[in-house]
Amino acid sequence: GDSVTQMEGPVTLSEEAFLTINCTYTATGYPSLFWYVQYPGEGLQLLLKATKADDKGSNKGFEATYRKETTSFHLEKGSVQVSDSAVYFCALSVRPGNQFYFGTGTSLTVIP
Amino acid sequence: SQTIHQWPATLVQPVGSPLSLECTVEGTSNPNLYWYRQAAGRGLQLLFYSVGIGQISSEVPQNLSASRPQDRQFILSSKKLLLSDSGFYLCAWSVTGPETQYFGPGTRLLVL
């Protein structure tokens, strides 16, 4: 079935370090791919998305490219900040009904 | 603009008691609606989704049920809560197509 496999955490980085959080997917059709972020004590918010192969989603310095050949959607940021500390979820959506499948989440802590 | 409400925000219930969590969406028609559970250390799990009034799909068999009595109302219920039902319950909505899901603020449930 459709699923998302996400890099396990927790991840701890120093401020200004480079971030990669791996995400691979399995889908029977052509899914849309998403990264959601959950800041401490808050609900989930969309960070970025890509709806077709080779699309690059970007927001707040984060980027992810939809790679059909490797079925991946890795999240990257060149220089993390303390305020990026959160849990990051990779997700895919498929038709019909737009059901979403989330990864288990990766906790990121950025230390000064 | 669209908004999504969930209540209650926090709930403490004894084992074996019933449950009813409510989610309502404003500002959109015929949304797809979703219930998720986020359990400690276990990521985000899709429980139910609905593409229309009275249409419910279950992703995970368990002692929970969902109902959609109105277009923009989604209810999560249980006749008898288990300890393992404790968690953070999130309602979300989306529109047809490869669109983003928008999450409610969540309900934190503690079963004692």
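To be clear, the structure that these remarks concern was listed above.
In this report, the structure presented in the accompanying data block is examined. (Residues numbered from 1 in each chain as written. Chains lettered and ligands numbered in written order. Predicted model: local features only at pLDDT ≥ 70, side-chain atom pairs only at ≥ 80, totals over all residues. Heavy atoms only, no water.)

## A few points about the state of the cysteines
Applying the stated criterion across every chain, the model contains two disulfides over all chains. At a sulfur-sulfur separation of 1.9 Å, the disulfide partner of Cys23 of chain A is Cys90 of chain A. Torsion about the S-S bond of the Cys23 of chain A and Cys90 of chain A cystine: about -70 degrees, corresponding to left-handed handedness. One end of the pair, Cys23 of chain A, is in strand S4 (residues 23–26); the other, Cys90 of chain A, is in strand S10 (residues 86–94), with 67 residues separating them in the sequence. Cys90 of chain A shares its class with Cys23 of chain A; the two are buried. Covalent S-S linkage joins Cys23 of chain B and Cys91 of chain B, the inter-sulfur distance amounting to 2.0 Å. The sign of the S-S torsion, about -75 degrees, decides the handedness of the disulfide formed by Cys23 of chain B and Cys91 of chain B: left-handed. You can see Cys23 of chain B sitting in strand S3 (residues 19–26) and its partner Cys91 of chain B sitting in strand S9 (residues 87–94), a full 68 residues away along the chain. (Disulfide = S-S within 2.5 Å. Helix = DSSP H or I, 4+ residues; strand = E, 2+ residues; numbered from the N terminus. Buried < 20%, exposed > 50% of the residue type's maximum accessible area, 1.4 Å probe, protein only.)

## Things to note about the nonpolar core
Where a protein is soluble and globular, its nonpolar side chains tend to be buried together. Among the nonpolar cores identified, the biggest contains 28 residues, and Trp35, Leu47, Leu48, Phe73, Leu75 and Tyr88 of chain A are the most heavily contacted of them. At the level of secondary structure, the elements contributing two or more residues to this core comprise strand S2 (11–14), strand S3 (19–21), S4, strand S5 (32–38), strand S6 (44–50), strand S8 (62–65), S10 and strand S12 (106–111) of chain A. If one sorts the elements of this core by residue count, S10 of chain A sits on top with five residues. Look past the residues within four positions of Phe73 of chain A in its chain and what remains in contact with it is Cys23, Leu33, Phe34, Trp35, Leu48, Lys49, Ala50, Ala64, Thr65, Tyr66 and Cys90 of chain A. Grouped together as the second largest cluster of nonpolar side chains are 20 residues, Leu21, Leu47, Leu81 and Tyr89 of chain B included. (Core = buried A, V, L, I, M, F, W, Y, C linked by side-chain atoms within 4.5 Å. Contact = heavy atoms within 4.5 Å.)

## Focus: the packing of aromatic side chains
Within the structure shown, the criterion is met by 13 aromatic pairs over all chains. Ring centres of Phe89 of chain A and Phe102 of chain A lie 6.4 Å apart, and the angle between their planes is 85 degrees; on these two criteria the pair is classed as edge-to-face. Here the residue Phe89 of chain A occupies a position in strand S10, and Phe102 of chain A occupies one in strand S11 (residues 99–102), the gap between them amounting to 13 residues. Within the aromatic cluster, the residues linked to one another by ring pairs are Phe34, Tyr36, Phe89 and Phe102 of chain A together with Tyr34, Tyr36, Tyr49 and Phe103 of chain B. (Phe/Tyr/Trp six-rings, centres within 6.5 Å; stacked < 30°, edge-to-face > 60°.)

## What to know about the pairing of S2 of chain A
Residue and element names in this part refer to chain A. The alternating pattern of S2 places Val11 and Leu13 on a buried face and Thr12 and Ser14 on a face that is not buried. In this structure, S2 lies alongside S12, joined through four bridges in parallel fashion. Its bridge partner lying in S12, Val11 is registered against Leu108. (Pairing = 2+ DSSP bridges.)

## Topic: the side chain of Thr106 of chain A
Residue and element names in this part refer to chain A. Its place among the elements puts Thr106 in strand S12. Looking at Thr106, the relative accessible area reads 0%, which means it is buried. Here Met7 takes part through its backbone oxygen, which lies 2.4 Å from a polar atom of the side chain of Thr106. Setting aside residues no more than four positions away along its own chain, Thr106 makes contact with Gln6, Met7, Gly9, Val11, Ile21, Ala86, Val87 and Tyr88. (Polar contact = N/O pair within 3.5 Å; in protein donor to acceptor, adjacent residues only side chain to side chain.)

All we've got here are geometric facts, nothing functional implied.
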